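Observations on the three-dimensional arrangement
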Number of protein chains: 2
Amino acid sequence: MAIPDDSSARTRIRDAALERFGRDGVNRVTIRAIAADAGVSPALVVHHFGSKEALRRECDAYVVATMRGDGIDNTDELSDAAAGNARGLSRMLDAAAPVRRYLARAFLDGSPEAAALFDEIVDLTAAWLADGEREGRVRRTEQPRTRAVVYVTHLLAPLAFDEHVARVLGVEDLHDIDVTLRFSRVAIEMFTHGIFTDERALDAWDAVRKERES
Amino acid sequence: MAIPDDSSARTRIRDAALERFGRDGVNRVTIRAIAADAGVSPALVVHHFGSKEALRRECDAYVVATMRGDGIDNTDELSDAAAGNARGLSRMLDAAAPVRRYLARAFLDGSPEAAALFDEIVDLTAAWLADGEREGRVRRTEQPRTRAVVYVTHLLAPLAFDEHVARVLGVEDLHDIDVTLRFSRVAIEMFTHGIFTDERALDAWDAVRKERES
DNA sequence: CGGCGGGCTGAACATTTGTTTAGCCTCAGG
DNA sequence: CCTGAGGCTAAACAAATGTTCAGCCCGCCG
């Protein structure tokens with residue numbers, strides 16, 4: 001009775017919180033709703049975690065640990081490189097749907113822990129892209145840091161807007177494996193060839209810049 | 001006195017709501033905070049709009065109208081095409097910062113009006129991309145609809161994650177014109193050439209698909 | 001001048017919601 | 001058996017918050 005096993009009420013509460021926080025955002029979720037999902041009383045939630053805020057932090061910590069690979073040996077680096085993801089990003093995209101949803105939400109809600117994780121993911125991605133440049137897999141750029149951020153946000157985008165993406169594509173669940181596969185195909189195409197056939201857009205940008213300088 | 005002018009309390013309230021809703025999300029914002037920003041009493045907010053929900057809808061309507069181009073003749077189609085944006089998207093990216101922020105937030109919060117606007121933007125973008133294909137400006141794809149969604153979400157991403165992007169780039173305000181310019185340069189590069197030099201990622205995807213089929 | 005309608009407010013109200021309190025029930029250890 | 005600690009709960013509490021109410025103030029119309 002000293003060590004609660006993984007289906008203990010405490011774990012059920014945390015999982016329920018993870019699910020609801022990720023789906024609806026922290027401030028739209030009540031302790032009572034979490035308690036109901038976990039099949040316990042609201043008071044027990046506070047009994048175990050102290051407060052709603054502390055529960056959120058615990059979810060953050062759990063998700064961050066998952067992302068960092070604690071407990072799961074997810075060292076499929078070859079597949080990461082092949083699919084075009086840094087390890088940090090890859091972990092996120094490979095994680096279970098609730099964890100993914102929670103993370104995207106956490107980034108949008110803006111907790112300090114989420115911010116730190118975001119920075120870390122950007123760092124890993126930047127390093128991975130730099131490696132790729134050196135090896136000739138990745139195009140050169142004058143702004144590697146900015147490009148890393150752009151890349152990360154672009155991969156995060158479908159997670160953030162999953163509701164709309166699913167609706168437009170007419171699918172029930174964007175996290176379904178087949179849907180993910182179809183969707184990611186298009187994203188990979190964009191990352192491989194771009195979407196434009198010529199440099200018109202780049203030229204237009206240069207024109208705007210020149211005009212602003214004068 | 002029949003027609004309230006544009007600096008009337010009613011307008012001030014709506015602008016304050018727009019700003020706060022966009023910055024913090026609807027449910028983190030209180031009527032009292034909006035009232036304070038607008039320099040009026042909480043009761044006046046309800047007096048003019050009926051309820052917080054109705055106020056949100058009015059903000060939605062205002063922003064949607066702005067996006068649709070009501071009141072502003074924003075028919076700079078040449079520039080749109082040159083910069084690589086469909087008209088709906090271009091309007092959004094050109095709008096004032098508070099409006100942009102509000103819209104991104106609205107998409108994330110998921111109101112019906114926002115969903116309809118999202119669909120409309122995707123439609124406009126899909127049409128614009130189809131035109132581009134016909135004219136040879138845009139690469140062909142087997143999944144035009146999916147690509148339109150991907151493109152839209154990718155352009156929305158920095159708006160959604162602006163807090164993190166600004167922090168990583170070390171800038172105060174992502175909506176500053178110079179920052180926007182620097183950032184969009186990298187995005188345009190990605191949309192023009194992609195980021196990979198070879199088809200390794202695409203091949204990896206094909207391999208995964210083949211494996212799943214067997 | 002008189003009143004009246006609308007913009008506007010302070011205060012009160014009701015509900016939601018995070019949290020606290022007091023105590024129940026079970027079970028391991030003496 | 002008994003006792004105490006910990007998981008667990010119902011009920012109460014307090015703060016936040018959307019909303020309502022009664023009425024003030026001021027310019028316009030009759």
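That block above? That's the structure.
My aim in this report is to walk through the structure given alongside it, one point at a time. Small disclaimer: the values here were computed from a predicted structure and weren't measured.

This part covers the protein's contact with DNA strand D. Taken together, the neighbourhood of DNA strand D is formed by 15 residues, with Ser41 and Ala43 of chain A together with Ile31, Arg32 and Lys52 of chain B sitting nearest. Put simply, 57% of the atoms of DNA strand D that lie within 4 Å of the protein are in sugar or phosphate. For DNA strand D, a phosphate oxygen lies 2.9 Å from a polar atom in the backbone of Ile31 of chain B. In the model, a base nitrogen of DNA strand D is placed 2.9 Å from a nitrogen or oxygen of the Arg32 of chain B side chain. Elements that contribute at least two residues to the surface near DNA strand D include exactly helix 3 (42-49) of chain A together with helix 2 (31-38) and helix 3 (42-49) of chain B. At four residues, the largest contribution of residues to the surface near DNA strand D is made by helix 3 of chain A. Split by residue class, the surface near DNA strand D holds eight nonpolar, five polar and two charged.

Our focus in this paragraph is the pattern of salt bridges. Residues and elements named next belong to chain B. This structure, assessed with the given rule, holds 38 salt bridges over all chains. The residue Glu58 makes a salt bridge to Arg10 at a minimum N-O spacing of 2.8 Å. With Glu58 in helix 4 (residues 52-68) and Arg10 in helix 1 (residues 9-24), this residue pair connects regions lying 48 residues apart in the sequence. We note a salt bridge from Arg145 to Asp123, for which the minimum N-O separation is 2.7 Å. Of this pair, Arg145 sits in helix 9 (residues 144-160) while Asp123 sits in helix 8 (residues 112-135), and the two are 22 residues apart along the sequence. Residue classification places Arg145 among the partly exposed positions, given a relative accessible area of 35%.

Moving on, we get to the protein's contact with DNA strand C. The environment of DNA strand C is formed by 15 residues, the closest being Ile31, Arg32 and Lys52 of chain A together with Ser41 and Ala43 of chain B. Among the atoms of DNA strand C close to the protein, meaning within 4 Å, 59% are from sugar or phosphate groups. The separation between a base nitrogen of DNA strand C and a polar side-chain atom of Arg32 of chain A is 2.8 Å. One of the backbone nitrogen or oxygen atoms of Lys52 of chain A is found 2.8 Å away from a phosphate oxygen of DNA strand C. Secondary-structure elements contributing two or more residues to the surface near DNA strand C are helix 2 (31-38) and helix 3 of chain A together with helix 3 of chain B. Ranked by residue count, the leading element in the surface near DNA strand C is helix 3 of chain B, at four residues.

It is worth spelling out helix 1 (residues 9-24) of chain A at this point. Residue and element names in this part refer to chain A. Between its terminal C-alpha atoms helix 1 stretches 22 Å, which fits the 22 Å expected from 16 residues at 1.5 Å a residue. For helix 1, the full list of buried residues reads Thr11, Ile13, Arg14, Ala16, Ala17, Leu18, Phe21 and Gly22. Where the residues of helix 1 are buried, they touch helix 2, helix 3, helix 4 (52-68) and helix 7 (97-109).

For the rest of this paragraph, the subject is the nonpolar core. Core analysis: the biggest nonpolar cluster contains 127 residues, and Phe21, Phe107 and Tyr151 of chain A together with Phe21 and Phe107 of chain B have the highest contact counts within it. Those residues in contact with Phe21 of chain A, other than ones at most four positions away along the chain, are Val26, Val29, Ile34, Lys52, Leu55, Arg56, Cys59, Tyr102 and Arg105 of chain A.

Locating Arg147 of chain B in the fold gives a position in helix 9. Arg147 of chain B sits in the buried class, given a relative accessible area of 5%. Once you skip the residues sitting within four places of it in the chain, Arg147 of chain B turns out to touch Val186, Met190 and Ile195 of chain A together with Leu129, Glu133, Val138, Arg139, Arg140 and Thr141 of chain B.

What follows is about the relation of the copies chain B and chain A. The transform that puts chain B on chain A rotates by 180 degrees and translates by 0.0 Å along the axis, for an RMSD of 0.0 Å. Expressed as a symmetry operation, the mapping of one chain copy onto the other fits a two-fold axis. By C-alpha distance to the rotation axis, the residue of chain B lying nearest is Gly194 of chain B, at 2.0 Å. Both copies contact each other with a shared surface, as 100% of the interface residues of chain B are interface residues in chain A too.

Let us now look at the interface of chain B and chain A. Contact residues are listed per partner, giving 71 residues for chain B and 71 residues for chain A. Here chain B and chain A share an interface that buries about 7,300 Å² over both sides, 66% of which is from carbon and sulfur atoms. On the chain B side of the contact with chain A, Phe161, Phe196 and Trp205 of chain B bury the most area, a combined 10% of that side's loss. At the boundary of chain B and chain A, one finds six salt bridges. The interface formed by chain B and chain A includes 32 residue pairs in polar contact (both at pLDDT 80 or more). Put simply, the parts of the chain that give the side of chain B that touches chain A at least two residues each are helix 5 (77-83), helix 7 (97-109), helix 8, helix 9, helix 10 (162-169), helix 11 (177-193) and helix 12 (200-213) of chain B. For the side of chain B that touches chain A, the leading source of residues is helix 11 of chain B, giving 15 residues. Taken together, the residues that form the side of chain B that touches chain A break down as 36 nonpolar, 15 polar and 20 charged.

The rules behind the values
Residues numbered from 1 in each chain as written. Chains lettered and ligands numbered in written order. Predicted model: local features only at pLDDT ≥ 70, side-chain atom pairs only at ≥ 80, totals over all residues. Heavy atoms only, no water. Near = heavy atom within 4 Å. Polar contact = N/O pair within 3.5 Å; in protein donor to acceptor, adjacent residues only side chain to side chain. Helix = DSSP H or I, 4+ residues; strand = E, 2+ residues; numbered from the N terminus. Nonpolar A, V, L, I, M, F, W, Y, C, P; charged D, E, K, R; others polar. Salt bridge = Lys/Arg side-chain N within 4 Å of Asp/Glu carboxyl O. Buried < 20%, exposed > 50% of the residue type's maximum accessible area, 1.4 Å probe, protein only. Expected span 1.5 Å × (residues − 1). Contact = heavy atoms within 4.5 Å. Core = buried A, V, L, I, M, F, W, Y, C linked by side-chain atoms within 4.5 Å. Least-squares fit on C-alpha atoms with pLDDT ≥ 70 in both. Buried area = accessible area lost by both parts, 1.4 Å probe.

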